[in-house]
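Observations on chain architecture
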Amino acid sequence: MRRRLRWFLLAALPLWLAGPALAGPWPRDDGAIFLILSQERDTAGNGFTGLYAEYGLSPRDTLGLELGRNSFGDSSLLLWLQRGFSFGKLRFASSLGLGLSQQDTEFRPLAQLGLSLGRGFDTRFGAGWLAADTRFLVIARPVSETVRLNATNEVNYLYLAPETGVEADLTLGLKPRDGIMLIGQLRMEQPEKGDFAASLSASVVRDLGRRAKVELGIVGPLTGEGEPSLKLAAWLSF
């Protein structure tokens, strides 16, 4: 069971590098820096630590960096570039990312294509936003194969075989008053070699001053392997 869980966490690790619950089509302000350091840990003691960073290159372009590591020692790195567009009240963005996924001493190159759609709105309870994010991931997995030519000779081949995955998030956020944000997210993941998994999360984000916030949330699996987990994150803006 533990081995199966490790492979599930490894397959999902690059997909978790899609950013925090507020990820969406809104670009970062030109020259602005945004950081999130987060930690998730479930009731079985399994955990994930992530660093998410954004830098505003221009009014439309945002550069992102994501690092993640799970409790088994598997890690991933992703660098991406996102461009935003506006269609009335709707916001749309596309992104392309490149990185590496690591397990033990094996490194796998990966690529990601992302699409986001969202809009803000006003309610009697405060301002809010709704965003849908989809990410397509390709990981190059090293494969070793031996071909016997005859009774005494054989040839060893080493090549990279692509494995794909897809993730879709639906995020709803609300600011009922100054200094407080409520965020709910439905997350769905489908690795090529693995079962479909879905989870539902709810978080509260509170201001700790002009440049810092703290997030506390819970994550509950709806399908697939996994246990309920707690999330703690620090947000920093510059």
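Notes on the structure follow. Starting afresh in each chain, residues are numbered from 1 along the sequence in its written order. Per-residue local features of the predicted model are confined to residues with pLDDT of at least 70, and side-chain atom pairs are confined, for both listing and counting, to 80 or more; whole-chain, interface and lining totals are unaffected and use all residues. Side-chain figures throughout are based on the complete set of non-hydrogen atoms in the structure, without hydrogens or water.

Turning to the pattern of salt bridges, a few remarks are in order. Any Lys or Arg side-chain nitrogen located within 4 Å of an Asp or Glu carboxyl oxygen qualifies as a salt bridge. In this structure the tally under the stated criterion is 8 salt bridges. Beyond isolated ion pairs, a larger network of salt bridges with shared partners links Arg135, Glu167 and Asp169.

It is worth spelling out the side chain of Thr62 at this point. Note on conventions: DSSP H or I runs of at least 4 residues are helices, E runs of at least 2 residues are strands, and numbering of each starts at the N terminus. One can find Thr62 in strand S3 (residues 61-70). Reaching out from Thr62, the side chain makes a polar contact with the backbone nitrogen of Arg28 at a distance of 3.0 Å. Residue contacts for Thr62: discarding those within four places in its chain leaves Pro27, Arg28, Glu54, Tyr55, Leu57, Trp80, Leu81 and Gln82. What qualifies as a polar contact is a pair of N or O atoms within 3.5 Å, subject to a donor-acceptor requirement within protein and to the restriction that residues adjacent in sequence count only when both atoms come from side chains. The contact rule is simple, with two residues in contact once any of their heavy atoms fall within 4.5 Å.

Our focus in this paragraph is the pairing of strand S4 (residues 75-87). A pair of strands is labelled paired if DSSP reports no fewer than 2 bridges between them. Taken together, the 9 bridges between S3 and S4 define a ladder with antiparallel strand orientation. Its bridge partner lying in S4, Leu65 is registered against Leu79. Two successive antiparallel strands, S3 and S4, enclose a turn made up of 4 residues, where Gly73 displays a positive phi of approximately 95°. Sheet topology places S4 next to strand S5 (residues 90-103); 13 bridges connect them, and they run antiparallel. The residue of S5 that forms the bridge with Ser86 is Arg91. Here S4 folds back onto S5 in antiparallel fashion, the turn holding 2 residues, of which Gly88 has a positive phi close to 65°.

Before going further, it helps to spend a moment on the side chain of Ser38. Tracing the chain through its elements places Ser38 in strand S1 (residues 33-42). Residue Ser38 is classed as buried on the basis of its relative accessible area of 14%. Those residues within four positions of Ser38 in sequence are excluded, and the remaining contacts are Phe48, Thr49, Gly50, Lys231, Leu232 and Ala233. To sort residues, take the accessible area from a 1.4 Å probe on protein chains only and compare it with the maximum for the residue type: under 20% means buried, over 50% means exposed, and anything in between is partly exposed.

General note: in soluble globular proteins, nonpolar side chains tend to be found buried as a group. Throughout this description, the term nonpolar core refers to a set of buried Ala, Val, Leu, Ile, Met, Phe, Trp, Tyr and Cys residues connected via side-chain atoms within 4.5 Å. Ile36 and Trp235 are the most contacted members of the largest nonpolar core, which has 14 residues in total. Contributions of two or more residues to this core are made by S1, S4, strand S7 (126-148), strand S9 (180-191) and strand S12 (229-237). Take this core: its biggest share by element is 3 residues, from S7.

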